[in-house]
Amino acid sequence: MDGSNALGEFLRARRALVRPEDVGLPGGGLRRVPGLRREEVALLAGISSDYYLRLEQGRDRNPSAQVLEALARVLGLDPDATTYLVALTQDRPADVRHARLTRDPHQPEQVPGTILQLINGWTRNPAYVQNRYTDILAVNELCTALSPNYTPGVNLMRAVFLDPAERELRRDWEDLTEEGVAALRAYAGPDSDDPRLRDLVGDLSLRSERFRTLWARHEVRPRRGRMNHLTHPLVGDLDLQSSKLSMDGTDGLTLVVCHAEPGSRSAELLDILGSLTAGGAERAAPQEQVGEHVEEHGEEHAEEQGD
């Protein structure tokens, strides 16, 4: 990830994802490359093959809006990916780029005190604050009860890809990792020379084949709310909706809040988890007691459903 030809890398990766039959071309026969050939992209976009080659090679980095629109159409880019494509062709403000390059990587971003008070007051909603690199900056007690990786100083992307316990926790690990990588690229935008981002991507590319494969796809989707399907070692299966809120006045900080559907089994289990973990009670509760507690509440829930 050297950023020397970000536009070309993006174009190559995205044309590899387009099947010829998706754009009305015959898909049979032997093809030396996955997806579309360069000349096919050029033909469908209405530009010369030589010009498209210059774009991929980084010899022309300022295509017109009409060319970008045509390429987005041929490559099947959605609005988020199209916005990313356009950003790759534009110069970033010098002050923004300087700030990113000179920021002290060991100096964590500051979370406003009002946000800390807010999330610590939530006893039924797991919540945390992360930066654009998925470093956890603040978290409430119930969120840490979901996973010990929800702890300030932990990088959530590294944890999800490298900690086997996270894969056991998350029943939707495949979808989560795909969405997470696409969101990381969306947040990065054209800042491929950001040293903190380069360190994170380089480390995960070396240590995780799954991350390396997903990063090479160049898919772009900003972080949005999602339904999280968890299997917690204490209370079992939980389905929690997460909402992601950008924090104004910060450099890319996001507040993430999770909640269960009111009256649902997941809401009951989340309450049980909160009662078990309040003040460190989870470390003192034998596993048998935890199981009995969950089973008892499960029977009550079933009786209520039957009334």
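Data block above holds the structure.
Residues numbered from 1 in each chain as written. Predicted model: local features only at pLDDT ≥ 70, side-chain atom pairs only at ≥ 80, totals over all residues. Heavy atoms only, no water.

Draft legend 1. Main features of the overall build of the protein. Regarding its fold elements, the protein presents 15 helices and five strands. Within the protein, buried positions represent 45% of all 307 residues. In the protein, 57% of the contacts between residues at least 6 apart in sequence involve partners at least 24 apart. (Helix = DSSP H or I, 4+ residues; strand = E, 2+ residues; numbered from the N terminus. Buried < 20%, exposed > 50% of the residue type's maximum accessible area, 1.4 Å probe, protein only. Contact = heavy atoms within 4.5 Å.)

Draft legend 2. Structural view of the pattern of salt bridges. Under the counting rule described, the total for this entry stands at 22 salt bridges. The salt bridge involving Glu 56 is made with Arg 15; its shortest N-O contact spans 2.6 Å. Remark: Arg 15 occurs in helix H1 (residues 6-15) and Glu 56 occurs in helix H3 (residues 49-57); sequence separation between them is 41 residues. This pair shows no difference in class: Glu 56 is buried, exactly as Arg 15 is. Note that Glu 178 is salt-bridged to Arg 221, the shortest N-O span being 3.9 Å. Of the two residues, Glu 178 sits in helix H11 (residues 173-188) while Arg 221 sits in the loop between helix H13 (209-216) and strand S3 (226-232), which places them 43 residues apart along the sequence. Residue classification places Arg 221 among the partly exposed positions, given a relative accessible area of 27%. (Salt bridge = Lys/Arg side-chain N within 4 Å of Asp/Glu carboxyl O.)

Draft legend 3. Fine view of the packing of H1 against H3. Viewed as axis vectors pointing N to C, H1 and H3 meet at an angle of 115°, and their least axial separation amounts to 6 Å. Judged on the interaxial angle alone, H3 and H1 are roughly perpendicular. Contact with H1, carried on its side by Leu 7, Gly 8, Leu 11, Arg 12 and Arg 15, involves Tyr 52, Leu 55 and Glu 56 of H3 and no other residues of that element. Across the contact of H1 with H3, the residue classes break down as four nonpolar, one polar and three charged. (Axes fitted to C-alpha atoms, helices over the stretch in contact; angles between N-to-C directions. Parallel < 35°, antiparallel > 145°, perpendicular 65-115°, else oblique. Nonpolar A, V, L, I, M, F, W, Y, C, P; charged D, E, K, R; others polar.)

Draft legend 4. Quick look at the environment of Asn 5. Along the chain, Asn 5 falls in the segment before H1. Considered as a pair, Asn 5 and Arg 61 are 56 residues apart in the sequence and their alpha carbons are 8.7 Å apart. When residues no more than four places from it in sequence are discounted, the contact partners of Asn 5 are Arg 12, Leu 55, Glu 56, Gln 57, Gly 58 and Arg 61. Engagement of the side chain of Asn 5 in a polar contact is seen with the backbone nitrogen of Gly 8, the distance being 3.1 Å. (Polar contact = N/O pair within 3.5 Å; in protein donor to acceptor, adjacent residues only side chain to side chain.)

Draft legend 5. Summary view of helix H12 (residues 195-207). Between its first and last C-alpha atoms H12 spans 18 Å; for 13 residues at 1.5 Å apiece the expected length is 18 Å, and the two agree. What H12 keeps buried is the set Arg 196, Leu 197, Leu 200, Val 201, Leu 204 and Ser 205. All buried residues of H12 fall inside an arc of 155° around its axis, so they share one side. Turned more than 90 degrees from where H12 packs its buried face, Asp 199, Leu 206 and Arg 207 sit exposed. In this fold, the buried residues of H12 make contact with helix H9 (156-162), H11 and H13. Between the side-chain oxygen at the start of H12 and the backbone nitrogen of Arg 196 there is a gap of 3.0 Å, and the oxygen is on Asp 194. (Expected span 1.5 Å × (residues − 1). Arc of directions from axis to C-beta.)

Draft legend 6. Inspection of the sheet that holds strand S2 (residues 136-139) at higher detail. If you trace the five strands from one edge of the open sheet to the other, you get S2-S1-S5-S4-S3, paired in antiparallel fashion. Strand pairing shows two members of the sheet lacking a second neighbour, S2 and S3, which therefore form its edges. Direction aside, the axes of adjacent strands within the sheet are offset by 30° on average. When strand S1 (residues 127-130) meets strand S5 (residues 254-259), the two strands line up antiparallel, connected through four bridges. Its bridge partner lying in S5, Val 129 is registered against Leu 255. Most of the contacts of helix H14 (residues 265-277) go to strand S4 (residues 236-246), to which it runs at about 90°, and overall it touches S3 and S4. (Pairing = 2+ DSSP bridges.)

Draft legend 7. The side chain of Thr 89, seen in detail. With respect to the element layout, Thr 89 can be found in the loop between helix H5 (79-88) and helix H6 (94-102). For Thr 89, a relative accessible area of 10% puts it in the buried group. A polar contact of 2.7 Å, which involves the side chain of Thr 89, links it to the backbone oxygen of Val 86. Dropping the residues within four chain positions of it, Thr 89 is found in contact with Leu 7, Arg 61, Asn 62, Pro 63 and Leu 68.

Draft legend 8. Here's a closer look at the environment of Val 67. Along the chain, the position of Val 67 falls in helix H4 (residues 65-74). Residue class for Val 67 comes out buried when judged on its relative accessible area of 12%. A sequence separation of 21 residues divides Val 67 from Gly 46, and the C-alpha atoms of the two residues are 8.3 Å apart.

Draft legend 9. Quick look at the packing of aromatic side chains. In total, this model carries five aromatic pairs according to the counting rule given. Measuring from centroid to centroid gives 5.3 Å for Phe 10 and Tyr 84, while their planes differ by 50°, and the two rings are tilted. Placement of the pair is Phe 10 in helix H1 and Tyr 84 in helix H5, with a sequence separation of 74 residues. Tyr 84 shares its class with Phe 10; the two are buried. (Phe/Tyr/Trp six-rings, centres within 6.5 Å; stacked < 30°, edge-to-face > 60°.)

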